[in-house]
Amino acid sequence: MSVLTPRRRWKGSSKPQRTELYLRWSLYFIPLILLPMIVLAIAAPTGREDTRGSAQVSVVVGLATTLLTLRALRASLDHYLNRPTDHLRRLLTLGVVTIAGSWAILLLGPADGGPDSPGAPPFTVVVVSLLLAAAFCPVSVGLPVRRACLTGVTAQLLVAPAALLAGLDGATTAGLLVGNLIALTFIGSSCRSFAWLQSVVWELDAAREAQSRLAVAEERLRFSRDLHDVMGRNLTTIALKSELAAQLARRGRPEAADQMAEVQRIAQESQREVRDVVRGYRTADLHAEAIGARAVLRAADVACEIDLGEEPHELPLPVQSVLGWVIREATTNTLRHSEAAHCSIRLRREDGRVVLELENDGVPAVPIPSQGSGTGLHGLRERLAAHDGELTLPEAGPGRFRVLASVPLRPPSATAPLPSGRRPR
């Protein structure tokens, strides 16, 4: 099994995945930066004999809280994005460790700021505030807003008795609670906004995927409608005439042969019409497909550049039809199999042939089904082959996909009219 480096993983990810990776680490950065801040908070008074024990406990509790916060934050974000997770158990574990650690830090620490800072709150108050702020990050993401607010207030009330027992006066304790509540409001809003933004990104990606599936479904509906229009009436007529021929044959009437000849004629006509539907001769139009492709791509926030050259309407109708099918299939592939931001469609004439070039960016590093082996491109090759045309997939550079469809302007010899009285096999 090959191991993907971070660079390869980033290049092989879609835009929503990259966004989630960025937002996740933005959230992880909040608790990660609190541990150095705890060390800085206890660095000044470590020379005092009465602070060494509380300083050591602060470092241990800060490290444990940071690790638990990262695990709980990951689980809470997965829960917010409607993924299976055990976020409640992790939040409960984090809450117990944070409250117990806060009590230990406050009770073991000094009751004042020391001789260098008389009247100032001790460093333990700063450490506890940082711990509560870090622990509230996953709470604000993993719980509903009201429950998250209630949890934050409850945590403050549970820590307040420890501050009073540690020797802090009422004013300092009240200031600690008010300051913590303001900080929790800011941090909780920020974390919740990050999670909401990520959910919106995934919803937009799902809407884009639904749009591409809808385009495919509409094409299938159009094909089924045309096929029903062609076959429904003819099959009903064949069934009725076959039944009539069977009745006439039982009676020994010579008209039965005439009815069967009519059935044969209708069947051959139906075969021809079905071939027309399958090859797209009935609906595909070059100009209409190009305009439709631009509208669909722009709706998906993909810039589309179209250049059909001079007087494309003068091309033979069969050529316009088959190139219209190429545009339709290439547009569907762009929506379904890439994260394109730009797409170009160009038509030119070279040596008696019409060349249609389609290119888009945003192709992931992981190979996609449409690159050479998809059923859609296989069907296009068959359509083009019926007109002596060909479909190629030349190299287009990293992250790009290119399709070239070439059709001769002259009618293929294989489709020349057959002598009267002969039928193709």
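Quick caveat: nothing in here was measured; it's all calculated off a predicted structure.

Conventions adopted
The residue numbers shown here count from 1 along each chain, following its written sequence. Local features in this predicted model are restricted to residues whose pLDDT is 70 or higher, and side-chain atom pairs enter the listing and the counts only when it is 80 or higher, whereas totals over whole chains, interfaces and linings include all residues. Water and hydrogen atoms were dropped before computing side-chain values, which therefore reflect all heavy atoms in the structure. Under the DSSP-based scheme used, a helix requires at least four consecutive residues in state H or I and a strand at least two consecutive residues in state E, with every element numbered from the N terminus. Type-normalised accessible area, obtained with a 1.4 Å probe on protein chains alone, sets the label of each residue: buried when under 20%, exposed when over 50%, and partly exposed for intermediate values. Residues enter patches when their relative accessible area tops 30% and they take part in no salt bridge; the joining distance is 9 Å for like charges and 5 Å for the nonpolar side chains Val, Leu, Ile, Met, Phe, Trp and Tyr. Computed with the Shrake-Rupley method and a 1.4 Å probe, the accessible areas treat only the protein chains shown as cover for residues. Any Lys or Arg side-chain nitrogen found within 4 Å of a carboxyl oxygen on Asp or Glu counts as a salt bridge. Pairing between strands is defined by DSSP: at least two bridges between them are needed. In this description, a line fitted to the C-alpha atoms serves as the axis of each element, helices being fitted only across the stretch in contact, and the angle between N-to-C directions of two axes falls anywhere from 0 to 180 degrees.

## Considerations on unusual backbone geometry
Despite not being glycine, Asn 82 has its phi angle at roughly 60°, a positive value. Mapping Asn 82 onto the fold places it in the loop between α3 (52-80) and α4 (87-108). On the basis of relative accessibility, which here comes to 73%, the residue Asn 82 falls in the exposed class. Notably, Asp 351 is not glycine yet its phi reads approximately 50°, a positive angle. Among the secondary structure elements, Asp 351 is positioned in the loop between β2 (342-350) and β3 (353-361).

## Regarding a nonpolar patch on the surface
A cluster of nonpolar residues, Phe 29, Ile 33 and Met 37, forms a patch on the protein surface that exposes about 270 Å² of accessible area. With respect to the helices, strands and loops of the structure, Phe 29 is situated in helix α2 (residues 15-43).

## Comments concerning the sheet that holds β2
Either a parallel or an antiparallel arrangement is found when strands of a sheet pair, and the pairing is made through backbone hydrogen bonds. Strand order in the open sheet formed by 5 strands is β1-β2-β3-β5-β4, and the pairing between neighbours is mixed. The open sheet has two edge strands with one neighbour each: β1 (303-307) and β4 (390-392). Mean inter-strand twist for the sheet, computed between neighbouring axes without regard to direction, equals 15°. Where β1 meets β2, 5 bridges bridge the pair, whose relative direction is parallel. When the sheet's bridge partners are listed, Cys 304 is paired in β2 with Cys 343.

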